[in-house]
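Letter by letter, the chains look like this.
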Amino acid sequence: MRENWFKFWNHPRTKAVRHWSNITYDVSWNIILFLIIGVLLVGSFSVGAAGGYFASLVKDTKAPKLAEMKQQVNSYAVTSEIYWGSGEKLTNITTDEERQPVTIKEISPYLLDAVLSTEDVDFYEHDGVVPKATLRAVLQELTNSASRTGGSTLTQQLIKNQILTNEVSFERKAKEIILALRLENAMTKDEILQAYLNVVSFGRNSLGRNIAGIEAASRGVFNKSAQKLTLPQAAFLAGIPKNPYYYTPYLQGGVVKKDLTPSTNRMKTVLKRMYVAKSITKEQYEKAVKYDITKDFAKTSKRSRDTYPYVYDLAEKEALKIMTSYFMKQDDIKEDEVKPSELAEVKANYRDQALVAIRQGGYKIHLTLDKKIHEAMQTPAKNASNFPSALQYKQVVNSKTKKTVTKKDPEETAAVMVQNETGRILGFVGGRYTDGTADDFNRAFQAKRQIGSTAKPILVYSNGIENGLITPASTINDEEYYYQTVPRQPGDNPINNEGGRYRGNVTVREALELSLNVPAVKTYEKMNMSNSIQKLVDMGIEIPDNIRYAPSAALGTMEITPVELAGAYATLANYGEYVKPYVISKITKDGKNIYKAKSKKKRIYETRTAYLTLDMMRGVFDKGTAQYANSLLKAPGDWAGKTGTTNEIKDSYLVGSTPGVTLAVWTGHDQNNSLLGATTYYQRTQNLWAQMANLTYNANSSYFKSGARFNQPASVSANDFKNTGRFKEEDQKKKEAEARKKAAAEKKKQQEEAQKKADDAKAEADAKQKADDAKADADAKQKADDAKADADADAKKKADDAKAKADADAKKKADDAKADADAKKNTEEDQKKSE
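Predicted model, so just to flag it, every value in this text is computed and none were measured. (Residues numbered from 1 in each chain as written. Predicted model: local features only at pLDDT ≥ 70, side-chain atom pairs only at ≥ 80, totals over all residues. Heavy atoms only, no water.)

So, the overall build of the chain
Argument step 1. Scanning the chain from N- to C-terminus turns up 28 helices and 20 strands.
Argument step 2. Evaluated residue by residue, the chain yields a buried proportion of 43% over its 835 residues.
Argument step 3. Within the chain, contacts between residues at least 6 apart in sequence are counted, and of these 71% link residues at least 24 apart.
Argument step 4. About 45700 Å² of surface is accessible on the chain, with carbon and sulfur atoms providing 51% of the total. (Helix = DSSP H or I, 4+ residues; strand = E, 2+ residues; numbered from the N terminus. Buried < 20%, exposed > 50% of the residue type's maximum accessible area, 1.4 Å probe, protein only. Contact = heavy atoms within 4.5 Å. Areas by Shrake-Rupley, 256 points an atom, 1.4 Å probe, with all protein chains shown as cover.)

Below, the structure written as structure tokens:
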């Protein structure tokens, strides 16, 4: 047919047909030529317009330096990590998004192929941008097409994530293209791919936390490193970045989604693209597609913060202090050079900076804690049978509402184990996990409590030995005794011992073993109390001024945390050298030390002092107040220690040391209730201590130095074990002074009694004379009164006689007058009758 057409066209049968054929050909050619020219003109205009529009979009975009671009794309928040002192990773520092950067060599080849086959199959061929893909994406955007294939290369996606924003606009797209082309000149293809895989989001992990970067994704979803991913696992993870929270297998809280169909279908899509791209064989593809990936998912995990709350909080708190100081030092800020009014604000600003760095800076915080020892210490604390079953309560005032409420006050415990020589904290107990949970109060580091008789070795007897006042063999009278260095007040009670009885003359060794109070106070009052307290201050322990000069400090009235107490006893076990207990050994970033702890030793006690005190403390376990703990103790070693109890049995302690470690245990109530229960309080404390000592020894005995003993130094002599020292001399002088005082008092008493007798005799004579004088006066007065009475009686009698006579005369006259009248009357009547 084609041949017939060409034959007809080239060889028309008539002249008219040839004529019209030529005209048609010319017109058609001109039209076609016009259309071609028109299309070229429109195309040129469109390209020019597009180019002009593109130029207008990027005219304000400054071309960054290549080094700056490289730094920007590799700048991202990196999750900081916490490690046990024994090397194991503990947990990540909580942050908004977990990320653990890796190099491209540490990523499975399956994962690299899966990502490239899915996201950018021509990655190693293009220069950062694929024009046809970009044009296709622009046309889809202009036409509002329902089908969006995407036009961004991995380089462009990296630019969008790290330098630009997710804003949907032609201006952002234009800038993305320019910067992508430039980035290809700043980094190699492997560097770009590595940066992309460390940046991109992968949804959530088995803890329910947001994750970014392939290493965090691999560990968070499959609990393995990115280097060890299998083909199905790699395909699954490579499919997630398209829509991270849709394809991630986990919901918030780390719960696996019920419907994983979208995720598994996405994995199959990735595998199909890998097969099409010839990254895998047909056999590999078919096998991987059938694989049940859900069985590889990590189970919902429990955060280490929930498992080790006290450790996590302490690590973050201590790291924050260290990093705050680090940043201040970097800026050459010295606290003593900052105005006091500005210091708080300055430190707060650096603290905020340090907090961001810790959570997002990719630091590795290495603790001193031995994981096995620390976990072993938790077991007795979590065992409810080690505590009273009946709860106690306390009426407390709510700080917010100001209302009085009833609060549970269970018996609590805290413990610390310190390595004597280095100050490393090997393990601790922050609380007993009441109802299976921990609270925010770390009693081992925050609970300041009175320490009772545990003060005697570190404050009283050690200083007494060092001052030449006593030796372990010095004799002290345990008797009724009152504080001598403070004014005695009415109603003051004498110093009592546990059990309420006194034992008479005892040695210092016996006094310490039995924890007698009177000998301790007597010894302490003979010293400069302030200088003795200074030893504790030199260990970094804060002591109020009212305690510095108080003799009651000998009985442990100062408030100290368990970690401070453990550090003080470790000083004795370290032959008098103090090393501050610490929990962070170092902080690193990119393999370099930002901070490294240094064990600086400070001489507190003389070697001789420390040994003699330790030698006495051995007896506390053998025949003293810690015999119960010793009966339960299975951890071998040269143990030396001390018990302690405070007033009203509100606190109970046992601290014990071997040449290697010191273990301090406290029990009490947060609300200061007294320790009650079916078993004796000290038995519970000593039981806890013994269990912790036994379990930690079984966990890691290398720290204990159980085969060693506290060796007697050359500075200790035979006289140190005799009753020598100033206490004996001063005690004798005191007795002689008391005897002289007593004799003087007796003589004075006799003189006073003699004077009293003389005074009494004189007083009796005076009283007799006075009585005689009074009697004479009374007799004279009586005579005068009698004379007067007689005179008065005579006068009265005369008056009465005169009155009687006058009355008689008057009566007689009256009678005579009446008789005369009667006679006259009778005469007249007689005369009338006679007439």
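Quick notes on the pairing of strand 20 (residues 661-669)
Argument step 1. The buried fraction of strand 20 amounts to nine of the nine residues, a majority that puts the element mostly inside the structure.
Argument step 2. Pairing of strand 8 (residues 411-419) with strand 20 involves nine bridges; the strand directions are antiparallel. Counted as the bridge partner of E412 is G668 from strand 20.
Argument step 3. Note: strand 19 (residues 651-657) against strand 20, seven bridges, orientation antiparallel. For D651, the partnering residue across the bridge sits in strand 20 and is G668.
Argument step 4. Taking the residues that link successive antiparallel strands as the turn, the strand 19-strand 20 hairpin has three residues. (Pairing = 2+ DSSP bridges.)

Some remarks on the sheet that holds strand 15 (residues 584-589)
Argument step 1. The strand order across the open sheet built from five strands is 2-1-5-15-16, with neighbouring strands paired in mixed fashion. A strand with exactly one partner marks an edge of an open sheet, and here the two such strands are strand 2 (89-92) and strand 16 (592-596). Adjacent strand axes in the sheet meet at a mean angle of 20° when their direction is disregarded.
Argument step 2. Both strand 1 (residues 81-83) and strand 2 contribute to a ladder of three bridges, which runs antiparallel. (Axes fitted to C-alpha atoms, helices over the stretch in contact; angles between N-to-C directions.)

Some points on the packing of helix 15 (residues 309-330) against helix 16 (residues 340-360)
Each pair of packed helices can be summarised by the angle the axes make with each other and by the distance between the axes.
Argument step 1. The geometry of helix 15 relative to helix 16 is characterised by a closest axis approach of 8 Å and an angle of 115° between their N-to-C directions. For helix 15 against helix 16, the interelement crossing comes out right-handed. Touching E316, A319, L320, M323, T324, F327 and M328 of helix 15 are V346, K347, Y350, R351, Q353, A354, L355, A357, I358 and R359, all from helix 16.
Argument step 2. In terms of residue class, the contact of helix 15 with helix 16 is built from eleven nonpolar, two polar and four charged. (Left-handed = near helix turned anticlockwise from the far one by under 90°. Nonpolar A, V, L, I, M, F, W, Y, C, P; charged D, E, K, R; others polar.)

Some details on the side chain of E513
Argument step 1. Tracing the backbone through its elements, the reader meets E513 in helix 20 (residues 508-513).
Argument step 2. In this structure E513 is buried but unpaired, with K623 as the nearest side chain of opposite charge at 4.3 Å.
Argument step 3. The contacts of E513, once residues within four sequence positions are left out, are M616, G619, V620, K623, G624 and T625. (Lys, Arg positive; Asp, Glu negative; His and termini not counted. Salt bridge = Lys/Arg side-chain N within 4 Å of Asp/Glu carboxyl O.)

Some remarks on the pattern of salt bridges
Argument step 1. If you walk through the whole model with that rule in mind, you get 28 salt bridges.
Argument step 2. Residue R99 is joined to E97 by a salt bridge in which the shortest nitrogen-to-oxygen separation is 3.3 Å.
Argument step 3. The closest approach of N and O atoms between E564 and K448, which form a salt bridge, is 3.7 Å. Residue E564 is located in helix 24 (residues 562-573), and its partner K448 is located in the loop between helix 18 (443-446) and strand 10 (449-450); the two are separated by 116 residues in the primary sequence.
Argument step 4. You can call K448 partly exposed: its relative accessible area is 37%.
Argument step 5. In the salt-bridge network here, residues are joined through shared partners; they are R509, D615, R618, D638 and R709.

Focus: the packing of aromatic side chains
Argument step 1. In this structure the tally under the stated criterion is 18 aromatic pairs.
Argument step 2. Between the aromatic rings of F621 and W639, the centroid separation amounts to 6.4 Å while the plane-to-plane angle is 50°, which identifies the pairing as tilted. Residue F621 is found in helix 25 (residues 607-622), and its partner W639 is found in the loop between helix 26 (627-632) and strand 18 (640-645); the two are separated by 18 residues along the sequence. Here F621 and W639 have matching classes, each one buried. (Phe/Tyr/Trp six-rings, centres within 6.5 Å; stacked < 30°, edge-to-face > 60°.)

Re the sheet that holds strand 19
Argument step 1. Sheet architecture is open: five strands sit in the order 9-8-20-19-18, paired in antiparallel fashion. On the outer flanks of this sheet lie strand 9 (425-429) and strand 18, each paired with one strand and no other. Strand after strand, the sheet turns through a mean of 5° between neighbouring axes, direction not considered.

Some details on the environment of V115
Argument step 1. Mapped onto the secondary structure, V115 falls in helix 4 (residues 109-119).
Argument step 2. Considering only alpha carbons, one finds V115 and P241, 126 residues apart in sequence, at a separation of 9.5 Å.
Argument step 3. Other than its neighbours up to four places away in sequence, V115 contacts D120, L154, Y196, L197 and A238.

Things to note about the side chain of R548
Argument step 1. By secondary structure assignment, the location of R548 is in helix 23 (residues 545-548).
Argument step 2. Put simply, R548 is tucked away with no salt bridge, and the nearest opposite charge, on D545, sits 4.3 Å away.
Argument step 3. Among the polar contacts listed, one links the side chain of R548 to the side chain of S530, at a separation of 3.1 Å.
Argument step 4. Residues in contact with R548, not counting those within four places in the same chain, are Y524, M529, S530, I533, Q534, V537 and I543. (Polar contact = N/O pair within 3.5 Å; in protein donor to acceptor, adjacent residues only side chain to side chain.)

A few points about helix 6 (residues 154-162)
Argument step 1. When you tally the buried positions in helix 6, you get seven out of nine residues, the bulk of the element.
Argument step 2. What helix 6 keeps buried is the set L154, T155, Q156, Q157, L158, I159 and Q162.

Here's the deal with the nonpolar core
Argument step 1. If you look at the biggest cluster of nonpolar residues, it comprises 93 residues, and the most contacted ones within it are I365, L367, I458, Y461, Y524 and M558.
Argument step 2. For this core, the leading source of residues is helix 15, giving eleven residues.
Argument step 3. Excluding its chain neighbours within four sequence positions, the residues that come into contact with I365 are E81, I82, Y83, I93, A319, I358, I584, K586 and I587.
Argument step 4. Of all hydrophobic cores here, the second largest spans 59 residues; its members include I192, F202, A226 and A298. (Core = buried A, V, L, I, M, F, W, Y, C linked by side-chain atoms within 4.5 Å.)

Points about a negative patch on the surface
Argument step 1. A surface patch of negative charge is lined by D785, D786, D790, D792 and D794.
Argument step 2. When you line up the elements, D785 lands in helix 28 (residues 726-834).
Argument step 3. The class for D785 is partly exposed, based on a relative accessible area of 38%. (Patch = residues over 30% accessible without salt bridge, like charges linked within 9 Å, V, L, I, M, F, W, Y side chains within 5 Å. Charge placed at Lys NZ, Arg CZ, Asp CG, Glu CD.)

Comments concerning the pairing of strand 8
Argument step 1. Counting buried positions over the nine residues of strand 8 gives nine, a clear majority of the element.
Argument step 2. Relative to strand 9, strand 8 runs antiparallel, the two sharing four bridges. Along strand 9, the bridge assignment pairs M417 with G427.
Argument step 3. Linking two consecutive strands that pair antiparallel, namely strand 8 and strand 9, is a turn of five residues; a positive phi of about 85° is found at G423 within it.

With respect to the confidence of the model for the chain
Argument step 1. For the chain, the average pLDDT comes to 85, and 86% of its residues sit at 70 or higher.
Argument step 2. Taken as a whole, residues 41-59 scores under 50 in pLDDT and shows eleven contacts with residues more than four places along the chain or in a different chain.
Argument step 3. Low confidence marks residues 145-149, where pLDDT is under 50. Its contacts with residues over four positions away, or in another chain, come to six contacts. (pLDDT = per-residue confidence, 0-100.)

Some points on helix 12 (residues 261-276)
Argument step 1. End to end, helix 12 covers 22 Å across 16 residues, agreeing with the expected 22 Å (1.5 Å per residue, within 8%).
Argument step 2. Within helix 12, the full set of buried residues consists of S263, T264, R266, M267, V270, L271 and M274. Within helix 12, the buried residues cover an arc of 155° as seen down the axis, which keeps them to one side.
Argument step 3. Taken together, the buried residues of helix 12 touch helix 4, helix 10 (231-239), helix 11 (244-247) and helix 13 (282-290). (Expected span 1.5 Å × (residues − 1). Arc of directions from axis to C-beta.)

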